[in-house]
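Spelled out, the chains give:
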Amino acid sequence: MLPNIPYTDHKRIVIIGAGFGGLALGRELAKRDDLQVVIIDKNNFHQFQPLFYQVATAGLEPSSISFPLRKAFQSKKNVHIRVTEVISINTNRKSLETTLGEITYDFLVIATGATTNYFGMKEIEERAIPMKSVSEALALRNRVLQNLEDALAVDTDDEREGLMSVVIVGGGPTGVELSGSLAEMKKYILPKDYPELDFSNMKIYLLEGLDKLLSVMSEESSKKSRKYLEEMGVEILTGQAVAGYDGKHVTTKQGMKIRTDNLIWAAGVKANALKGINPEVLVKGGRIKVDEFNRVQGYTDVFAIGDVASMSEGKFENGHPQLAQPAMQQGKALAKNIWRALDEKPPVPFKYNDLGSMATVGRNKAVVDLPFIKFQGFFAWLTWMFIHLISIVGVKNKVLTFINWFWSYVTFDQSLRLILTPKVLAPGFVEEPEPQHAKPAGV
């Protein structure tokens, strides 16, 4: 197989990764016709990560928070998209080795984002449920719903408790939002679906190694989110660091032991670094050290943005937060600096504009920290919904998400509780069509 990217007289910018940073960069660069932009991703769609937890809890369909990359660049003849995986980078040859073959570049931008960090615990990695992609969120939805089906058919209370109970590790926004959403399902929805089950047996635990939730947010938001979750029935265990998981029991370094068949890991991330980059520029969490222009240290034509990049700037001496906003801002700033380089102008240093942080806990409950004000409750919840709704890519996705949210709010219900297990086909296999039965005469 070959990548088959046409050669032109224009400079070729290759972007690895179509997350928030890569998509923002690609959209800006595509505005100029004198550049050739190549976007590489292992998926053919962009994923809206902040709403993965709603896919996992049957609030949204995966398609509502995903957007086809080719649709995003339909009218841009200078943009070429290749669905492939990068094996390594050869900076001497200015090329990438991919599963489609070699792709050369004039400028390379690494925007590969981050993946789940298990901190070297193989036992956890093999048995825990991560949530860093749409497919993983869908797998979590399947697991929770299938376990409830299985709980109807077990003999012992211990087995039933294990199937129904959930332990979420990580008290950041993902852990808080997921535990709140599960608590609402337990209260409003699941008892109607499974009247034969006693949902007092369904325990939802939220474990955090630090002494508070939402450690990156204000003290008010941390305390309020904890109060909300406790009122919703979530058992919050701070100061508890997970030590192991055998598939039946979660153990902590502090001596706790919790029965569950469902361990959800939202405790940390590490950068998706690539082979071929000088290991000396990798810092904590596998991030790539970059200068104030997002240029990888030691290179003049290789850049990194978003979660994978570590830029020391002001109070962010260990890198910017691994969130959507820094990635998008870096992508837009880098596009302008690439334009400036082509116009033989000096680059402009990147300055992060911190727009604040927010997290939703449940129905009418959220916490918001803005640079000029901090607030919680119903208005914070409306703010959270508005910001996330306008950030979703695609008008259709915005409309579908709003409809689902409105329906869930009015009815206290969701209609997406489907166990969808994909069928894996062997390479080259063509599934036979269902046999068509003959119709009776005269029909």
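Structure: see above.
If you're wondering where the values come from, they're calculated on a predicted model, not measured in any experiment.

## With respect to the sheet that holds strand E24 (residues 374-376)
Read across the sheet, three strands follow the order E22-E23-E24 without closing on themselves; strand pairing throughout is antiparallel. On the outer flanks of this sheet lie strand E22 (357-362) and E24, each paired with one strand and no other. Averaged over all pairs of adjacent strands, the angle between their axes in this sheet comes to 5°, without regard to strand direction. Here E22 runs beside strand E23 (residues 365-369); their pairing, made up of five bridges, is antiparallel. If you follow Met358 over to E23, its bridge partner there is Val368. Sheet contacts for helix H8 (residues 219-231): E22, E23 and E24; angle to E23, the most-contacted strand, approximately 170°. Its contacts with the sheet put helix H10 (residues 378-391) on E22, E23 and E24, and the angle it makes with E22 is roughly 115°.

## Here we look at the side chain of Thr98
Within the fold, Thr98 resides in strand E7 (residues 95-98). The contact partners of Thr98, leaving out residues within four places of it in the chain, are Thr84, Glu85, Val86, Ile87 and Ile103.

## Quick word on the packing of aromatic side chains
Scanning all chains against the criterion turns up ten aromatic pairs. Residues Tyr188 and Phe412 carry aromatic rings whose centres are separated by 4.9 Å and whose planes lie at 55° to one another, so their mutual orientation is tilted. Remark: Phe412 occurs in the segment after helix H11 (395-411) and Tyr188 occurs in helix H7 (residues 173-193); sequence separation between them is 224 residues. The class for Tyr188 is partly exposed, based on a relative accessible area of 28%.

## What about the sheet that holds E7?
Taken together, three strands build an open sheet; the order of strands is E6-E7-E8 and the sheet is antiparallel. The open sheet has two edge strands with one neighbour each: strand E6 (86-90) and strand E8 (101-104). Taken over all neighbouring pairs, the strand axes of this sheet differ in orientation by 25° on average, direction set aside. Bridging between E7 and E8 involves four bridges; their strand directions are antiparallel. Within E8, the position partnered with Thr98 by the bridge is Gly101.

## Looking at the pattern of salt bridges
Side chains that carry opposite charge are capable of pairing whenever their charged atoms lie near each other. All chains considered together, the criterion is met by 19 salt bridges. A salt bridge links Asp157 to Arg160, with the shortest nitrogen-to-oxygen separation between them at 3.1 Å. One end of the pair is Asp157 and the other is Arg160, both in helix H6 (residues 157-164) and three residues apart, which spans about a single turn. The exposed category is assigned to Asp157, whose relative accessible area is 60%. Connected through salt bridges with shared partners, the residues Asp158, Lys248, Arg259 and Asp261 form a single ionic network.

Cut-offs used in this document
- The numbering scheme is per chain: residues are counted from 1 as the chain's sequence reads.
- A pLDDT threshold of at least 70 governs which residues receive local features in this predicted model, and a stricter bar of 80 or more applies before side-chain atom pairs are shown or counted, although totals over entire chains, interfaces and linings include all residues.
- Hydrogen atoms and water are omitted, and side-chain values are computed over all heavy atoms in the structure.
- Strands pair, by our definition, only if DSSP identifies at least two bridges between them.
- Put simply, DSSP H or I for four residues or longer makes a helix, DSSP E for two residues or longer makes a strand, and each gets a number counted from the N terminus.
- Fitted lines through C-alpha atoms serve as axes, helices being fitted only where they are in contact, and the angles separating the N-to-C directions of these axes extend from 0 to 180 degrees.
- The contact definition used throughout considers only heavy atoms, calling two residues in contact when any of these lie within 4.5 Å.
- Pairs were defined over the aromatic rings of Phe, Tyr and Trp, the Trp ring being its six-membered one, requiring ring centres within 6.5 Å. Orientation was assigned from the angle between planes: stacked under 30 degrees, edge-to-face over 60, tilted for the rest.
- The rule is simple: take the accessible area with a 1.4 Å probe, protein chains only, and divide by the maximum for that residue type; under 20% is buried, over 50% is exposed, in between is partly exposed.
- The working definition used for a salt bridge is a side-chain nitrogen of Lys or Arg within 4 Å of a carboxyl oxygen of Asp or Glu.

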